[in-house]
Each structure stands twice: as structure tokens, then as C-alpha cells.
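This is what each chain is made of:
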Amino acid sequence: MAAKVKRNDEVQVLAGKDRGRRGTVRAVNPDAGRAVVTGINMIKKHQRSTSPQQPGGIIDREAPIAVSNLAVICRSCSNAVRVGFKVLEDGRKVRTCKKCGEAID
Ligand SMILES: [Zn+2]
């Protein structure tokens, strides 16, 4: 299945403790169906020191969140929307906003 969420997309969180918040997708793991979103789903990680330049301690970092809990924000209508797909005349497949119909890619 084609990816609905891609790196550098702006997304809104639909469920969980960060519901309603927005962030930018930093990484997607299609196999796990999860994505890492800047500032979303923060966890405290207990990091062991691995080098003098990398001190240990408790650090805040993002945990992957399920893609199904994310909605892409359309650049045209700036809504958190569902994504459709269409194939252009030149054969490229692009994502489209189901609200306003504009191509997202
Ligand atoms: Zn739209």
C-alpha cells in the first residue's frame, strides 16, 4: 500500500496524549506503520553515557507514533485531512487532499 505519510509532512495527531497537536514528520517506518514526529509523543529515555561527548542521563526524545493516529495537513486548505491517491497524466502517483482535492505531493 502506498504511504499516506511521508518524511517532512506536516501532520496533526488524532489520538493519544498529544491529540490535536501538530508537528513535522522526521522519519517513517512503513513496516511498523509508525512515524517519528517532531515534538510529539515525547518520552524520557534513560541514556547511558557512551562517550565523553555523549553524557548519560535522562533525555527527552520522540517515540514513534502509529501512522493511523496521524492526519496530513493539506497545504492548500490547511486542514488535517484524509489522503487519497491519483495518477497524473505523466504516470506519477500523487497524494491528494480529500477535502479540497488539491495534490499534496
Ligand atoms: Zn486540502
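Attention here is on the structure that accompanies the text. (Residues numbered from 1 in each chain as written. Predicted model: local features only at pLDDT ≥ 70, side-chain atom pairs only at ≥ 80, totals over all residues. Heavy atoms only, no water.)

### Considerations on the side chain of Gln12
Okay, so step 1: On the secondary structure map, Gln12 appears in strand E1 (residues 10-13).
Okay, so step 2: For Gln12, the side chain forms a polar contact with the side chain of Arg22, separated by 2.8 Å.
Okay, so step 3: If we ignore the near neighbours within four places in the chain, the residues touching Gln12 are Gly20, Arg21, Arg22, Asn69, Leu70, Ala71, Ile73 and Ala80. (Helix = DSSP H or I, 4+ residues; strand = E, 2+ residues; numbered from the N terminus. Polar contact = N/O pair within 3.5 Å; in protein donor to acceptor, adjacent residues only side chain to side chain. Contact = heavy atoms within 4.5 Å.)

### Some points on unusual backbone geometry
Okay, so step 1: Look at Asn8: it is not a glycine, yet its phi comes out positive at around 75°.
Okay, so step 2: Inspection of the secondary structure assignment puts Asn8 in the segment before E1.
Okay, so step 3: Under the relative-accessibility criterion, Asn8 is labelled exposed at 51%. (Buried < 20%, exposed > 50% of the residue type's maximum accessible area, 1.4 Å probe, protein only.)

### Description of the sheet that holds strand E8 (residues 80-81)
Okay, so step 1: Pairing is antiparallel in the open sheet, where 6 strands are placed in the order E6-E3-E2-E1-E7-E8. Strands at the two margins of the open sheet, each flanked by one partner only, are strand E6 (65-66) and E8.
Okay, so step 2: Strand direction decides the pairing type here: strand E3 (residues 34-37) and E6, joined by 2 bridges, are antiparallel. Along E6, the bridge assignment pairs Arg34 with Ala66. (Pairing = 2+ DSSP bridges.)

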